[in-house]
Amino acid sequence: MQIEIDHGSGFCFGVTTAIKKAEEELATGEALYCLGDIVHNAIEVERLHHQGLATINHEQLAHLRQAKVLLRAHGEPPETYALARQNDIDIIDATCPVVLQLQRRIKRQWEATPDAQIVIFGKQGHAEVLGLVGQTQNTAIVIESFDDVRKLDLHRDIYLFSQTTKSLDEFHRIIDYIQEHISPHATFRSFDTICRQVANRMPNIAAFARRHDVILFVSGRKSSNGKVLFHQCLYVNPNSHQIERPEEIQPEWFKGAETVGICGATSTPLWLMEQCRDYIQKNLSKEEAI
């Protein structure tokens with residue numbers, strides 16, 4: 001049975017940078033906190049925890065004083081920076097440059113058109129989305145899917161942005177609907193702010209999933225990006241299985257399989273996909289797999 005790891009999977013640039021910054025700070029021996037899980041992958045969070053990285057929430061941040069806190073790639077709203085200054089907290093800012101640029105664009109648009117609807121296509125409550133909405137003093141409207149377009153007032157100006165990891169196809173579907181139905185007296189502008197490093201993974205992972213008899217999609221179940229990519233695998237290959245760690249692998253998945261593909265989300269480390277490959281090779285004999 002042949003096993004192939006999709007080397008187009010794994011950490012995106014933003015996550016890689018955040019983890020590198022964390023490791024560099026931890027190497028100094030100083031205490032380091034991270035606001036929220038540094039990545040939506042429990043295994044990687046555990047690895048860094050063993051190196052000394054402590055994960056905290058916003059409530060715990062409010063009680064910290066004179067500490068060092070890392071902001072992950074998802075970004076944070078302005079209130080977080082204000083609280084850090086107030087509590088004499090040293091911020092290690094690992095916000096992804098793509099997210100940071102998007103925050104600035106939304107803030108400029110909101111300041112330039114305060115009476116318009118600033119709309120963000122994204123997941124309600126997602127860390128990145130909270131940071132984006134925060135640029136508008138929490139006045140932006142979040143739509144999670146095409147069906148949520150009904151929330152919008154099509155008689156008022158609309159400026160549409162997207163969370164960086166959302167589906168490009170659904171974003172364009174939303175744009176088409178608004179263009180067709182918005183009042184001729186209202187202004188509509190859309191800004192394609194979806195990260196291409198993530199968006200391009202959709203067609204690539206679909207092609208990868210088609211090539212193999214069985215797909216193991218390795219991802220934290222809290223990963224928004226992971227859910228999207230896994231469903232794409234499942235759509236083109238029904239023999240796709242999402243796992244968080246090697247121990248979840250089931251021998252019956254591989255009966256009759258000649259090829260296995262292992263892939264993952266932008267929050268999945270390469271070393272974890274390699275562990276899954278090694279687990280299969282060690283625990284499944286050729287007879288069990290056939």
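Structure: see above.
Please read all numbers here as calculations on a predicted model, not as lab measurements. Numbering of residues begins from 1 in every chain and follows the order in which that chain's sequence is written. Residue-level local features of this predicted model are given only where pLDDT is at least 70; pairs of side-chain atoms are given and counted only at 80 or more, and the full residue set underlies all totals for whole chains, interfaces and linings. Each side-chain value is worked out from all heavy atoms of the structure, with water and hydrogens disregarded.

Topic: the overall build of the protein
Consideration 1: Helical segments are the DSSP runs of H or I of at least four residues, strand segments are the runs of E of at least two, and each set is numbered from the N terminus. Each helix and strand in the protein was counted, giving twelve helices and twelve strands.
Consideration 2: Using C-alpha atoms as the atom set, the radius of gyration is obtained and then compared with a globule rule of 2.2 Å times the number of residues to the power 0.38. In terms of overall size, the protein behaves like a compact globule, its C-alpha atoms giving a radius of gyration of 21 Å where 290 residues would be expected to give roughly 19 Å.
Consideration 3: Across its three principal axes, the protein shows a C-alpha extent of roughly 65 × 55 × 25 Å.
Consideration 4: Across the 290 residues that make up the protein, the buried fraction comes to 52%.
Consideration 5: The contacts of the protein with a sequence gap of at least 6 include a subset with a gap of at least 24, amounting to 71%.
Consideration 6: With an accessible surface of roughly 14,200 Å², the protein has 48% of that area assigned to carbon and sulfur atoms.
Consideration 7: The centroid of the 30 positive side-chain charges in the protein is displaced by 2 Å from the centroid of its 38 negative side-chain charges. Here's how the labels work: a residue is buried when its accessible area is under 20% of the maximum for its type, exposed when over 50%, partly exposed in between, all with a 1.4 Å probe on protein chains only. Residues count as neighbours in contact if any of their non-hydrogen atoms are within 4.5 Å of one another. Using the Shrake-Rupley algorithm and a 1.4 Å probe, accessible areas are obtained, with residue cover drawn only from the displayed protein chains. Two residue types count as positive, namely Lys and Arg, and two as negative, namely Asp and Glu; His and chain ends fall outside the count. To locate a charge, take NZ of a lysine, CZ of an arginine, CG of an aspartate or CD of a glutamate.

Observations concerning the sheet that holds strand 5 (residues 90-93)
Consideration 1: For two strands to count as paired, DSSP must find a minimum of two bridges between them. Spatial ordering of the open sheet is given by 3-2-4-5, a layout of four strands whose pairing is parallel. Strand pairing shows two members of the sheet lacking a second neighbour, strand 3 (53-56) and strand 5, which therefore form its edges. The average undirected angle you get between the axes of adjacent strands in this sheet is 35 degrees.
Consideration 2: Across four bridges, the pairing between strand 4 (residues 68-71) and strand 5 is parallel. Each residue of the ladder has a partner; that of Val-69, found in strand 5, is Ile-91. Orientation is described by lines fitted to C-alpha atoms, with helices fitted over the stretch in contact, and by angles between N-to-C directions that extend from 0 to 180 degrees.

Remarks on unusual backbone geometry
Consideration 1: At Gln-66, a position not held by glycine, the phi torsion is positive, near 50 degrees.
Consideration 2: Structurally, the position occupied by Gln-66 is in the loop between helix 3 (58-62) and strand 4.
Consideration 3: With a relative accessible area of 64%, Gln-66 lands in the exposed category.
Consideration 4: The backbone of Gln-137 sits at a positive phi, close to 55 degrees, despite the residue not being glycine.
Consideration 5: Within the fold, Gln-137 resides in the loop between helix 6 (127-133) and strand 7 (141-143).

Things to note about the sheet that holds strand 11 (residues 240-243)
Consideration 1: Strand order in the open sheet made by the four strands is 1-12-10-11, with parallel pairing throughout. Edge positions in the sheet fall to strand 1 (2-5) and strand 11, since each of these pairs with one other strand and no more. Strand-to-strand twist of the sheet, defined as the mean angle between neighbouring strand axes without regard to direction, takes the value 20 degrees.
Consideration 2: Across the face of the sheet, helix 9 (residues 201-210) comes into contact with strand 1, strand 10 (214-218) and strand 12 (259-264) while running at roughly 160 degrees to strand 12.

Focus: the side chain of Gln-242
Consideration 1: Looking at the secondary structure, you find Gln-242 in strand 11.
Consideration 2: For Gln-242, a relative accessible area of 19% puts it in the buried group.
Consideration 3: Other than its neighbours up to four places away in sequence, Gln-242 contacts Phe-217, Ser-219, Gly-220, Arg-221, Phe-230 and Glu-248.

Re the pattern of salt bridges
Consideration 1: Here, a salt bridge means any side-chain nitrogen of Lys or Arg that lies within 4 Å of a carboxyl oxygen of Asp or Glu. Within this structure, the stated rule accounts for eleven salt bridges.
Consideration 2: Across the pair Lys-68 and Glu-25 runs a salt bridge whose closest N-O atoms are separated by 3.1 Å. Remark: Glu-25 occurs in helix 1 (residues 13-26) and Lys-68 occurs in strand 4; sequence separation between them is 43 residues. Comparing Lys-68 with Glu-25 shows no difference in burial state: the two are buried.

Description of the packing of helix 9 against helix 10 (residues 224-236)
Consideration 1: Between helix 9 and helix 10, the least distance of the axes is 9 Å, while the angle of their chain directions is 40 degrees. Comparing the axis directions of helix 9 and helix 10 gives the class oblique. The two elements helix 9 and helix 10 cross, and the hand of that crossing is right-handed. For the pair helix 9 and helix 10, contact is made by Arg-201, Met-202, Ile-205, Ala-206, Ala-209 and Arg-210 and by Val-228, Leu-229, Gln-232, Cys-233 and Val-236, respectively.
Consideration 2: Side-chain classes follow a simple rule in which Ala, Val, Leu, Ile, Met, Phe, Trp, Tyr, Cys and Pro form the nonpolar group, Asp, Glu, Lys and Arg form the charged group, and the remainder, Gly included, forms the polar group. Considering only residue class, the contact of helix 9 with helix 10 consists of eight nonpolar, one polar and two charged. Here the angle decides the label: under 35 degrees means roughly parallel, over 145 means roughly antiparallel, 65 to 115 means roughly perpendicular, and every other value means oblique. Crossing handedness: left-handed means the near helix sits turned counterclockwise from the far one by under a right angle, and right-handed means the same turn made clockwise.

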